[in-house]
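# Chain and residue survey
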Amino acid sequence: MKALEMAAIRVLLVDDHEVARRGIRSVLARDTNLDVIAESADGEEAVKKAGELQPTVILLDISLPGISGIQVARRIRIISPETRIIFLSQHDSVQIARDALSVGALGYVVKSDAGHDLLAAISAAQEGRTFVSRSLVARGWNGTGTSPA
């Protein structure tokens, strides 16, 4: 038998902007262990895909048409409890990040920091650690989250 190989991290990417999804994919392409298995542009579709596909990680925008990312996360935690949720948002508010993490997400990455922080956030989530973006640390985040190196 071959040595145990690291299983691919199956990612569901949820953002209502196609250009944002493309940019996120380019960041994710830096890690060959990451496999984007599906994309969604709205919350209802994200919940459906999460239930069907049971991804390892969901990268979830907070501002979505229909239901908000926070509502989506609450529903996904019920139907796919093993999935690690990382919010990826343009909002750099410490309070919004706290609200997002309060529904069971393990990470909050500000989109402007994604190039530096997204892969670290996924790694932290895989280890069961909380991660918050460098922008939030600069804005006074003093929670228990891991800060970027």
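Now for a look at the structure at hand. (Residues numbered from 1 in each chain as written. Predicted model: local features only at pLDDT ≥ 70, side-chain atom pairs only at ≥ 80, totals over all residues. Heavy atoms only, no water.)

## Section: the overall build of the protein chain
Heads up, the condition is: Helix and strand assignments come from DSSP, with helices taken as H or I runs of at least 4 residues and strands as E runs of at least 2, each series counted from the N terminus. Think of it in three bands: residues with accessible area under 20% of the maximum for their type are buried, residues over 50% are exposed, and the middle band is partly exposed, with areas taken using a 1.4 Å probe on protein chains only. Contact between two residues is taken to exist if any of their heavy atoms lie within 4.5 Å; hydrogens are not considered. Here the accessible surface of atoms and residues is derived via Shrake-Rupley with a 1.4 Å probe, and residues count as covered only by protein chains that are part of the display. The sign given to each residue is positive for Lys and Arg and negative for Asp and Glu; His and the chain ends receive no count. Here the site of a charge means atom NZ of a Lys, CZ of an Arg, CG of an Asp or CD of a Glu.
When helices and strands are tallied, the protein chain shows six helices and six strands. Along its sequence from the N terminus, the protein chain presents helices and strands in the succession β-α-β-α-β-α-β-α-β-α-β-α. If you line up the protein chain on its principal axes, its C-alpha atoms span 50 × 35 × 30 Å. For the protein chain, buried positions account for 45% of its 149 residues. Taking all contacts inside the protein chain whose residues are at least 6 apart in sequence as the whole, residues at least 24 apart take part in 59%. Summed over all atoms, the accessible surface of the protein chain reaches about 7500 Å², with 51% contributed by carbon and sulfur. The average position of the 17 basic charges and that of the 18 acidic charges among the side chains of the protein chain differ by 2 Å.

## Digging into the packing of aromatic side chains
Here is the rule we go by: Stacked, tilted and edge-to-face are the three classes assigned to paired rings of Phe, Tyr and Trp, where Trp is represented by its six-membered ring and a pair needs centres within 6.5 Å; plane angles under 30 degrees give stacked, over 60 edge-to-face, the rest tilted. For a ring to carry a charge above it, either NZ of a lysine or CZ of an arginine must fall within 6 Å of the ring centroid while also lying within 35 degrees of the normal to the ring plane.
In this structure the tally under the stated criterion is zero aromatic pairs. Taking the ring centre of Trp141 as reference, the NZ or CZ of Arg98 above it sits at 4.5 Å.

## Brief notes about helix H4 (residues 94–101)
Test applied: This arc is built from the directions going out from the helix axis to the C-beta atoms. N or O atoms closer than or at 3.5 Å make up a polar contact, with two conditions inside protein: a donor-capable atom paired with an acceptor-capable one, and, for residues adjacent in sequence, both atoms drawn from side chains.
Taken together, the buried positions of H4 are occupied by Val94, Ala97, Ala100 and Leu101. Along the axis of H4, the buried residues cluster in a sector spanning 120°; they form a single face. Each element contacted by the buried residues of H4 is listed here: helix H3 (69–79), strand E4 (84–89), strand E5 (107–110), strand E6 (131–132) and helix H6 (134–138). For H4, the N-terminal capping position is held by Ser93, with its side-chain oxygen 3.2 Å away from the main-chain nitrogen of Gln95.

## With respect to unusual backbone geometry
Despite not being glycine, Gln54 has its phi angle at roughly 45°, a positive value. Mapping Gln54 onto the fold places it in the loop between helix H2 (43–53) and strand E3 (57–60).

## Here's the deal with the environment of Arg21
Checked against the element boundaries, Arg21 lands in helix H1 (residues 18–28). Once residues within four sequence positions are removed from consideration, Arg21 is found in contact with Leu13, Asp15, Asp16, Glu39, Ser40 and Ala41.

## Some remarks on the side chain of Asp61
Tracing the backbone through its elements, the reader meets Asp61 in the loop between E3 and H3. For Asp61, a relative accessible area of 4% puts it in the buried group. There is a polar contact of 3.5 Å between the side chain of Asp61 and the side chain of Lys111. Beyond its immediate sequence surroundings of up to four residues, Asp61 is in contact with Val14, Asp15, Asp16, Gly69, Phe87, Leu88, Ser89 and Lys111.

## Overview of the pattern of salt bridges
The test is simple: Salt bridges are counted wherever a side-chain nitrogen of Lys or Arg sits within 4 Å of a carboxyl oxygen of Asp or Glu.
This model, assessed by the stated rule, comprises 10 salt bridges. For the salt bridge of Arg22 with Glu18, the shortest nitrogen-to-oxygen distance reads 2.8 Å. In this pair, Arg22 and Glu18 both sit in helix H1, four residues apart, roughly one turn of the helix. Among the ionic pairs, Asp92 bridges to Arg139, the shortest N-O distance being 3.7 Å.

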